[in-house]
Amino acid sequence: MDSKHEKDVDSASVSSAPKTRVEFYDPSKESVWTRVGLTFESFKRAPGTTGGQVVAGSQNVADLEKILADAPMLQQKMKPRHLTMIAVGGSIGTGLFVGSGSALNRGGPAGVLIAWILIGVMLINVTQALGEMSILYPVSGGFYTLAVRFLDPSFAFAMGWNYVFQWAVVLPLEITVAGTTVQYWGEDIMPLAAWITIFWVVIIIVSTFGTLGFAEEEFWSSCLKLLVVVMFIFIGIVCICGGGPSGGAYDHYIGGEKWHTPGAFANGFKGVCSVFVTAAFAFAGTELVGLAASETPNPRATMPAAVKGTFWRITVIYITSLTIIGLLIGYDEPRLLGGSGAAASPFVITLKDAGIRGLDHFVNATICISVLSIGLSCVYAGSRTLTALAETGYAPSIFSYVDKSSRPLWSVIAILVWGPLAYVNVVSAGDTVFNWLLALSGLSTLFTWLSICLCHIRFRRAWAVQGHSTDELPFKALGGVYGSWFGVILIVLVLIAQFYVAIWPIGGTEGPRDTAESFFSAYLAVPVMILFYGIGYAWKRTLPQRAHEIDLDSGRKSWLTAEEMNEWRAERRRAPWYIRIYRILFTN
């Protein structure tokens, strides 16, 4: 079914029905400079929604204009290529390029693979569940708004604010890492504070261009990151087989030598447990496709490819590259913990040891760009969630302001003002301050993924109780509700593993004070989450709704019947076998 054809034809089919008169905002009547956010006019409040989301099956609704008007204030500026690359390469950053080094040191090559595979499998179920709901409900705030509806507003309040604070704190962290990454080429070029200023200004400038600035930057930086990782994989395979430059560390066959000496596991079971949160941090941001669904005109056409792209990123990018790193570097390599930024990156260390001149600098430049990319993701994710919090009454209403260039202006500013916190890293006490700030929201990503799985379970329950068939769904999660239950179980196990490591950390503690400090630095987010839940409940006094009471119509953009969807699926099954395989692997 062609989406444009659907919208045009279906509009005529309801012309006889009583309609709600809605004034839609048409950005095309503004100048191109206003649309990209470069005029004073662009900062004025948008007068209304654009109604730019495609409604599938609109012949089955009585009032099409009302359905079109029930849409986010944010404009649908993202193209399919943007959404695909955000899903495939958007969250590749310090977690993989730098964080994997300390993870290798703590868990060993086998521990790293176990942690990343388990988190990856869990995340495939999370994104499948998110895809199913986001295609049906491409609402502002994505999973936060869905949590308000399907779970409990008080829990959603706690999760939403934790998610905002997570990105607000990660922003100055990424700016700092960008500064230390540049210092790989020499610490005397410019003081760290100057580099922090430059990178913060760059993020502000790109944020000025709103959704399109973020989407274009993500597209091109993701292309670069994917190129570098794929290039590294091929170089790594050659080096493992002994094809490295003569005189380098890999000019002879290595094979699985590093798995025997120093070994596959660095600290046994405890080492594996300690790596889970690092793996979760490396995957953080994958859920952004759920936020971006509201800013693409036809999620039914674009989201399936983005969701399935997650599987390929996890298998090809993360698992393959980490396997190669584990074969090339032993976990006892001192540089994995001895440096900061790129100096501790196993990617840079490997290429430097191989004796391949210049490539370590190329990878370092890529790390710098990816760090800035994650910084922009912080602004995007934090501002969109803060706007949704304001729209649902859980944040000051000023944050619901969306201007004519589709920027949630005050929300963007609220996240950007956290950037100068990066300057605390210039002083010696900075690390301590920063570590505690990160601890406040360190497990926020896991809570977010948990809420997505629970939302999907509750959604499926309400969908069935209210007489709907899963055949009506434009996209079905691969594992169905069982996949979401599996995701919930894995997330709970990871939280238990983190609790275990928080109380009994690697290397032990010197006394009760150290034990308490170790625990709260790793698990502070849990009491903070409980506190926020209590505040949310005391404020609004809301409880979860019963399955038959849950609103399944607000924000819904697919109204196709089970018969229409089954006819569409039968038509696609008649395609040649190679097209069917392509659709199974990469699209819907």
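Fair warning: this is a prediction, and the values are worked out from it, not measured in the lab. (Residues numbered from 1 in each chain as written. Predicted model: local features only at pLDDT ≥ 70, side-chain atom pairs only at ≥ 80, totals over all residues. Heavy atoms only, no water.)

Re the overall build of the protein chain
A tally of helices and strands in the protein chain yields 25 helices and zero strands. Over its C-alpha trace the protein chain gives a radius of gyration of 24 Å, about what one expects of a compact globule, namely 25 Å for 588 residues. Judged by the C-alpha coordinates and their principal axes, the protein chain covers about 80 × 55 × 50 Å. By residue count, 58% of the 588 residues in the protein chain fall in the buried class. Considering only residue pairs separated by 6 or more positions, the protein chain has 82% of its internal contacts joining residues 24 or more positions apart. (Helix = DSSP H or I, 4+ residues; strand = E, 2+ residues; numbered from the N terminus. Rg over C-alpha atoms; globule rule 2.2 N^0.38 Å. Buried < 20%, exposed > 50% of the residue type's maximum accessible area, 1.4 Å probe, protein only. Contact = heavy atoms within 4.5 Å.)

Quick look at the packing of helix H12 (residues 268–283) against helix H21 (residues 480–503)
The geometry of H12 relative to H21 is characterised by a closest axis approach of 8 Å and an angle of 115° between their N-to-C directions. In the crossing of H12 with H21, the sense of the turn from one axis to the other is left-handed. Residue-level inspection shows Phe-269, Lys-270, Cys-273, Ser-274, Phe-276 and Val-277 of H12 in contact with H21, the latter providing Val-494, Ala-497, Gln-498, Tyr-500 and Val-501. (Axes fitted to C-alpha atoms, helices over the stretch in contact; angles between N-to-C directions. Left-handed = near helix turned anticlockwise from the far one by under 90°.)

Observations concerning the pattern of salt bridges
Tallying each qualifying case throughout the model produces twelve salt bridges. The residue Arg-460 makes a salt bridge to Glu-132 at a minimum N-O spacing of 2.7 Å. A residue pair is termed long-range when its members are at least 10 positions apart, and Arg-460 in helix H20 (residues 444–465) and Glu-132 in helix H6 (residues 99–136) qualify at 328 residues. Glu-132 shares its class with Arg-460; the two are buried. (Salt bridge = Lys/Arg side-chain N within 4 Å of Asp/Glu carboxyl O.)

Section: the side chain of Asn-125
Assignment of secondary structure puts Asn-125 in helix H6. Under the relative-accessibility criterion, Asn-125 is labelled buried at 14%. Polar contacts involving the side chain of Asn-125 include one to the main-chain carbonyl oxygen of Val-121, which spans 3.1 Å. Ignoring sequence-local partners within four residues, the contact set of Asn-125 consists of Gly-483 and Phe-486. (Polar contact = N/O pair within 3.5 Å; in protein donor to acceptor, adjacent residues only side chain to side chain.)

Let's talk about the packing of aromatic side chains
In the structure shown here, the tally under the stated rule is 29 aromatic pairs. Arranged with centres 5.7 Å apart and planes meeting at 35°, the rings of Trp-161 and Phe-165 form a pair that is tilted. Residue Trp-161 and its partner Phe-165 are both found in helix H8 (residues 153–182); the two are separated by four residues, about one turn of the helix. A residue is classified by how much of its surface remains accessible, and Trp-161, at 16% relative accessible area, is buried. Through a chain of ring-to-ring contacts, the aromatic side chains of Phe-157, Trp-161, Phe-165, Tyr-394, Trp-418, Phe-532 and Trp-539 assemble into a single cluster. (Phe/Tyr/Trp six-rings, centres within 6.5 Å; stacked < 30°, edge-to-face > 60°.)

A closer look at the nonpolar core
One finds Trp-116, Tyr-137, Phe-150, Leu-443, Leu-446, Trp-449 and Phe-459 to be the most contacted residues of the largest nonpolar core, which totals 161 residues. Here this core gets 16 residues from one element, more than from any other, and that element is H6. Discounting residues that sit within four places of it in the chain, Phe-150 has contacts with Met-133, Tyr-137, Cys-455, Arg-458, Phe-459, Ile-550, Asp-551 and Leu-552. Among the nonpolar cores identified, the runner-up in size contains six residues, and Val-55, Ile-67, Leu-68 and Trp-559 belong to it. (Core = buried A, V, L, I, M, F, W, Y, C linked by side-chain atoms within 4.5 Å.)

Overview of helix H24 (residues 562–573)
Working note: α-helix, 3.6 residues per turn, so residues spaced by three or four point in the same direction. Between its terminal C-alpha atoms H24 stretches 16 Å, which fits the 16 Å expected from twelve residues at 1.5 Å a residue. All buried positions along H24 are accounted for by Ala-562, Glu-564, Met-565, Trp-568 and Arg-569. The buried residues of H24 occupy an angular sector of 165° when projected down its axis, which confines them to one face. Exposed residues on H24 whose side chains face more than 90 degrees from its buried face are Glu-563 and Glu-567. Buried residues along H24 sit against helix H14 (299–328). (Expected span 1.5 Å × (residues − 1). Arc of directions from axis to C-beta.)

Regarding the packing of H6 against H14
The geometry of a pair of packed helices is captured by two quantities: the angle between their axes and the separation between those axes. The contact between H6 and H14 brings their axes to 10 Å, and the two run at 170°. If you check the angle between H6 and H14, you find them roughly antiparallel. Taken together, the residues that form the contact of H6 with H14 break down as 19 nonpolar, nine polar and two charged. (Parallel < 35°, antiparallel > 145°, perpendicular 65-115°, else oblique. Nonpolar A, V, L, I, M, F, W, Y, C, P; charged D, E, K, R; others polar.)

Notes on the environment of Trp-33
With respect to the helices, strands and loops of the structure, Trp-33 is situated in helix H2 (residues 32–35). Along the backbone, Trp-33 and Ser-405 are 372 residues apart, and their C-alpha atoms lie at a distance of 9.2 Å. Leaving out residues up to four positions away in the same chain, Trp-33 has contacts with Leu-38 and Thr-39.

A few points about helix H17 (residues 359–391)
For H17, with 33 residues, the first-to-last C-alpha span of 48 Å sits near the 48 Å given by 1.5 Å per residue. One or two steps after H17, the chain reaches Gly-393, where phi turns positive at roughly 85°.

A word on the state of the cysteines
Within the structure shown, the criterion is met by zero disulfides. Not engaged in a disulfide, the cysteine Cys-223 finds its nearest cysteine sulfur in Cys-368; these two sulfurs lie 18 Å apart. Among the cysteines around Cys-378, which has no disulfide bond, Cys-368 carries the closest sulfur, lying 15 Å off. (Disulfide = S-S within 2.5 Å.)

Points about the confidence of the model for the protein chain
Keep in mind that low pLDDT regions are not for reading the predicted coordinates in detail. Chain-level statistics for the protein chain give a pLDDT mean of 85 and a share of 94% at 70 or above. Low confidence marks residues 1–17, where pLDDT is under 50. Its contacts with residues over four positions away, or in another chain, come to 30 contacts. (pLDDT = per-residue confidence, 0-100.)

Observations concerning the environment of Asn-364
Assignment of secondary structure puts Asn-364 in helix H17. Taking the relative accessible area as the measure of exposure, Asn-364 reaches 0% and is therefore buried. In this structure the C-alpha to C-alpha distance between Asn-364 and Val-348, which are 16 residues apart in sequence, comes to 6.9 Å.

Some details on a nonpolar patch on the surface
On the surface, Trp-577, Tyr-578, Ile-581, Tyr-582, Ile-584, Leu-585 and Phe-586 cluster together into a nonpolar patch covering about 780 Å² of accessible area. Along the chain, Ile-584 turns up in helix H25 (residues 577–586). (Patch = residues over 30% accessible without salt bridge, like charges linked within 9 Å, V, L, I, M, F, W, Y side chains within 5 Å. Areas by Shrake-Rupley, 256 points an atom, 1.4 Å probe, with all protein chains shown as cover.)

Section: the side chain of Thr-385
Residue placement: Thr-385 occurs in helix H17. Residue contacts for Thr-385: discarding those within four places in its chain leaves Tyr-144, Gly-160, Tyr-163, Val-164 and Leu-291.

Let's talk about unusual backbone geometry
The linkage connecting Thr-261 with the following residue, Pro-262, adopts the cis geometry, with an omega of 10°. The phi angle at Ser-406 is positive, at roughly 70°, despite the residue not being glycine. Positioned with a positive phi, Arg-541 is a non-glycine residue whose angle comes to about 55°. Relative to the elements of secondary structure, Arg-541 occurs in the loop between helix H23 (525–540) and H24.

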